[in-house]
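Residue strings, one per chain:
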Amino acid sequence: MTRLSTAKRQKILDLYQPVNGEPLSLSDIARHVHCDRSTVRRVLQRVSSSGKLDYDIRPKGRPRILSKQDLRELVLAIDRGRALNATDAQRQLTPHASARTVRRRLAEIGLPGRVRRRKPLLKKSSLAQRRVWVKDVEGWGVKHWQLVVFSDESQFSLFPTPGRQWCRRRKGEAHFAQNIIPRVTGGGGKVTVWGCITSRGVGRLHRIEGTMDAKMYRHILEDSLLGTLHDHRLGPSTIIFQHDNDPKHTARLVQEWLEHQNLLVLPWPPSSPDLNIIENVWAEIKKRLETYRPRPRNTEELWRVVQKLWYGMDKSFIQGLYRSLPGRVKTVKARKGLSGDS
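Let me begin by describing the structure that accompanies this report. (Residues numbered from 1 in each chain as written. Predicted model: local features only at pLDDT ≥ 70, side-chain atom pairs only at ≥ 80, totals over all residues. Heavy atoms only, no water.)

1. Quick word on the overall build of the chain
Thought 1: Helix and strand content of the chain: 14 helices and six strands.
Thought 2: The buried share of the chain, taken over its 342 residues, is 38%.
Thought 3: If you take every contact in the chain between residues at least 6 apart in sequence, the share linking residues at least 24 apart comes to 70%. (Helix = DSSP H or I, 4+ residues; strand = E, 2+ residues; numbered from the N terminus. Buried < 20%, exposed > 50% of the residue type's maximum accessible area, 1.4 Å probe, protein only. Contact = heavy atoms within 4.5 Å.)

2. Re the side chain of Gln-90
Thought 1: Residue position: Gln-90 is located in helix α6 (residues 86-93).
Thought 2: Look at Gln-90 and you get buried, because its relative accessible area is 13%.
Thought 3: In this structure Gln-90 touches Leu-74, Pro-95, Ala-97, Ser-98, Ala-99 and Val-102, once residues within four positions along its chain are discounted.

3. A word on the packing of helix α10 (residues 214-231) against helix α11 (residues 252-260)
Thought 1: Following both chains from N to C, one finds α10 and α11 inclined at 25°, their axes separated by 8 Å at the closest point. As summarised for this structure, α10 and α11 are arranged roughly parallel, according to the angle between their axes. Of the residues in α11, those in contact with Ala-214, Lys-215, Tyr-217, Arg-218, Leu-221, Glu-222 and Leu-226 of α10 are Leu-253, Val-254, Trp-257 and Leu-258.
Thought 2: Here the residues of the contact of α10 with α11 are counted per class, giving eight nonpolar, no polar and three charged. (Axes fitted to C-alpha atoms, helices over the stretch in contact; angles between N-to-C directions. Parallel < 35°, antiparallel > 145°, perpendicular 65-115°, else oblique. Nonpolar A, V, L, I, M, F, W, Y, C, P; charged D, E, K, R; others polar.)

4. Describing the pattern of salt bridges
Thought 1: Throughout the structure, instances matching the rule amount to twelve salt bridges.
Thought 2: Between Lys-333 and Glu-138 there is a salt bridge, with the nearest N and O atoms lying 2.7 Å from each other. With Lys-333 in helix α14 (residues 315-334) and Glu-138 in the loop between α8 (124-137) and α9 (142-145), this pair connects stretches of sequence that are 195 residues apart.
Thought 3: You can call Glu-138 partly exposed: its relative accessible area is 39%.
Thought 4: Connected via shared salt-bridge partners are Arg-64, Arg-105 and Glu-108. (Salt bridge = Lys/Arg side-chain N within 4 Å of Asp/Glu carboxyl O.)

The structure is reproduced here in structure tokens:
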């Protein structure tokens, strides 16, 4: 049979099954399309039950090396943790296909490669406590969450270890200053801070000198927490204070002070930085520090830059974090205590 173009094959079908008028005979169709009568017959024999040409629905090219069964087994191995990644799954289950092919096929069905995140180890007891906590707060709306003042400590380094970074360079320029990530033992100096955020914006940022104990923590709360409430015109009895279960936070000295100030404390589940939205603020500051120029040269300059970035944080960014809380709680509930971020 003479090979016809897709347009000619479709024309044969249109003439044989016209929308209006009588269908033409095979000979008449052959004359219109300029081909043999036998060619017309063979084209029409390929018409499927749906009225379409099999030419249009047949897969083009050679069959895929990974069958549907292969793909199901690869997905199960990854979902159940039997394979570390796509390359490991390929080695175990489909040695007849390349690792590149496995990665491409998994990405096509919604399993692209992602960077594995570092998260606190969640023990069974921690997961159980997180599930109980979620039951207590799952009915909270955004307005209820806006009563919470979130707090935490964080550390910033002069030479942080950033994630993967790319540059454009020529051969022989690998060690040029603009093409390297400076690395200094111990980070070259660090600044440790305590901070808190409210739904109205960031609170006061306190620099921690030396090792913080319960006495120092109480002093920070007296100065920076109460100062934050004063700055935002909030009364201690009108807010809910959040901090984690660090031994310094739960010390009797601190608990007695909180009770004396009539501060309601939000019970907090263990190993739950994913639910503390101030972690997102720390991450944003560290991200901006990576590209801040001129780069701080010592810890005093670093402290000034951190303060600048902290107090310059957009209020809409903070408000967006508060709006995300009902969704985070819902996700933790759906995942039976597992992390609330994606």
